[in-house]
Structure formats: C-alpha cells, structure tokens
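Examination of the molecular architecture
Below are the chains, spelled out letter by letter.
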Amino acid sequence: MTNYEIAKEFNFDGDIESISPYGEGHINDTFLVTMKNSSQHYILQRLNTKIFKNFRGLMDNIQKVTAKLQQIIKNQGGDDERECMTLIPTKTNLPYYVNGNECWRAYLFVKDTVVYQVIDSSKVFENTGEAFGRFIARLDDFDANTLCEVIPNFHNTVDRYSKFLTALEQNKSKRVSFAQKEIDFVLQRGDKVGAIVEALENKKIPLRVTHNDTKINNVLIDKNTGKAICVIDLDTIMPGSLLYDFGDSIRSGCNTALEDEKNLDLVDFNIELYEAYCAGFLRGIGDKITDQEVKMLHLGAIIITLECGIRFLTDYIDGDVYFKTDYPDHNLVRCRTQFKLVEKMEQLSQELLEIAIKCKNKI
C-alpha cells in the first residue's frame, strides 16, 4: 500500500492534498499530511517494529496515557489538543492501522510550534524541564503498573551492570585489555549502580509513569510565547522513576561537548544549565514530588550518565553489536565522555543537591 492509501484508512477531516517526510527522527518514519482547504494537518507515522516489537502494547500505553492527560488538561482549563498528543483513530475506530508487518498511527498536528535540536539558552532548557515536570505531575495518580514495559529493564541499572560483567567474562571481541581504565571506573562504582532500583523496590520513592526519552527535541515550544506546551514521542512511556527522566535530560543537556568528543578536556558539566533545568522541572512537577526524590535528583543524573557509559562500554567489549559506530573505538570514546561527566557530577554532588533543595523551596 502507498502512503496515500495508508492515510486514507484514518479518520482525517477533509481531503488529503499532500504527504511529505517530516522531522528529524531516526527510528520511525514520519510524514506531514496536508489537507485541502484546511489549516488543520496531521502527522502520519510508521512505527519501527524491529525496535518496538510489541507495538500493540506500546500503542495501548499511548492511548491510555493520552486519554488521561487530555482529561486532566480539560479539567485544568487548558487546550487538550495543543498540550497533549491527540491520536486520530482509523475509520474502523482503532488507534492504529496494521498493514502486514507494519504498524501505522496518526496524530493531530500541533500548529505554531517549534522543536529545538540544541540548547541555545538556559531559558529553553528551563522551559523543557518544566514541560517534563508537568508531564509527570499530571500522571501522578496514574497506575504505572497498568502499562507494559516496551523495552524490558531499560533503566534497570542492576541488570545493565550484570550484562557488563558477563561481557567482561566472555570478552567476545578480545578488547578488554584496551579498556582497562574504563572497566576499572565502572567496577569501582559497582556498589552504587543500583541505588534507584533499590529505592523503588524498597518503596522509598514511588513508581511513576516515565517518558524515558527526555531530550530537548521531544518538547514542542509555542512559536509566539516561547513556552513549552507539549511533550511528544511517547513510544518509551513505561513504569519507572522520575529520576530516570530527570537524569537523562541532565546527561544530554549539561554536557559541554558532543557525546563522542575525543578530546576529554572539552567535556565539562554546565552547572548553570543544571540549575535552570532543575528550576523548571520542579516548578512543573510542583508538590507532586517527594522530599526523597528531591534529595536524589542529582544521584539520578549521575546514575543515568553512568548507565549510558556502561552501555557504550559493554557494546565495545561485545564487538559493537548494538550501537551504530563510525570507527573501531567509537563506543569506547562515547563511554569516556559519559564517565568524564560522572566524575564532574560526583565532584559537584553536594552543590547539585543544594541547588535542587533551593529550587524546591522557591516553588
């Protein structure tokens, strides 16, 4: 079936004028559906079912969460079609369309918005933090256990560490001797990797609905006001801790260099951006965050950054079987930048804790 034929299966309002590739995503195939004689357009997406094998569970998660968000936004007097992704059903009233091995879905296109690929100011990062904090707050009473794990053990750092130890033992690529310094870095922190997992298991922090891909380009910014209005890309919504979402934003946003920067002298931690994001995130989540979660925010940033480095290092030892690489040591270079960030955050640990508490007290 052509894209046009697929699009005709959805309950779009009006006649289709054109369908064209849209956005800069690297996983799913995304298209903008422009309608004739209408300012309302749509997003049509083909899910990558090689990555998201349980696409039915994934779409069930999205349908449940967006329905909850839309009701809350309406109750708060907001615009649910602008502040939340709106699934467009098929003509048979299903949330997605299956064509052979393909899964297609459609969303209402949110007009007059922009997406930032890089952080060009602390205000943009702060607004992004507010959007992700508000997202978690609105789902505070949603039972996360009703969601499926789209990617099992995605942020289970105990499991990630176990896989790392197995990779060391097997040494499939015979590369262990080339990464001893990085291996020692991880082993020295082996007793700390499970802090969030253990806090969840011991109910010291609540299990929540988490986004799990909190990059800056997953928030729509209003063109006119500059405010962050809508969190997008909900494919990895799963049960977890808000520390995962906070930590991944900090990991990706506060690095002063590229993720694969070879010159580690260029890799530093931007504490001003940390404070900006912290202020926005805590303003967005308001009183829905617990005192223990506030105290662990900086730890979330450290652990998620360490986890990312462990994943790169594990893949390097396994022979680069998961992450796409451009040269033989690419994954080793990547893990070094993450570990440099971990070191910086460890050195700033007390200051990062004090920033979180200060930002919380300002709410």
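For the structure, see preceding data.
Now for a description of the structure that goes with this document.

Calculation notes
Residues numbered from 1 in each chain as written. Predicted model: local features only at pLDDT ≥ 70, side-chain atom pairs only at ≥ 80, totals over all residues. Heavy atoms only, no water. Helix = DSSP H or I, 4+ residues; strand = E, 2+ residues; numbered from the N terminus. Rg over C-alpha atoms; globule rule 2.2 N^0.38 Å. Buried < 20%, exposed > 50% of the residue type's maximum accessible area, 1.4 Å probe, protein only. Contact = heavy atoms within 4.5 Å. Areas by Shrake-Rupley, 256 points an atom, 1.4 Å probe, with all protein chains shown as cover. Core = buried A, V, L, I, M, F, W, Y, C linked by side-chain atoms within 4.5 Å.

1. Topic: the overall build of the protein
- What the protein contains, in helices and strands, is 12 helices and 10 strands.
- On C-alpha atoms alone, the protein measures out to a radius of gyration of 21 Å, which is about the 21 Å that the 2.2 N^0.38 rule sets for 363 residues.
- Counting only C-alpha atoms and orienting by the principal axes, one finds that the protein spans roughly 60 × 50 × 40 Å.
- Per-residue burial for the protein yields a buried fraction of 52% across its 363 residues.
- Taking the intrachain contacts of the protein between residues at least 6 apart in sequence as the baseline, contacts between residues at least 24 apart amount to 72%.
- Surface summary for the protein: the accessible area is close to 17,200 Å², and the carbon and sulfur share equals 46%.

2. Details of the nonpolar core
- One finds Y274, L297 and L313 to be the most contacted residues of the largest nonpolar core, which totals 100 residues.
- The element that contributes the greatest number of residues to this core is helix α10 (residues 291–318), accounting for 14 residues.
- If we ignore the near neighbours within four places in the chain, the residues touching L313 are F164, A179, E182, I183, V186, L332, C335 and F339.
- Formed by 15 residues, the second largest nonpolar core is a distinct cluster that contains F12, M35, Y97 and W104.

Geometry only, nothing functional implied.
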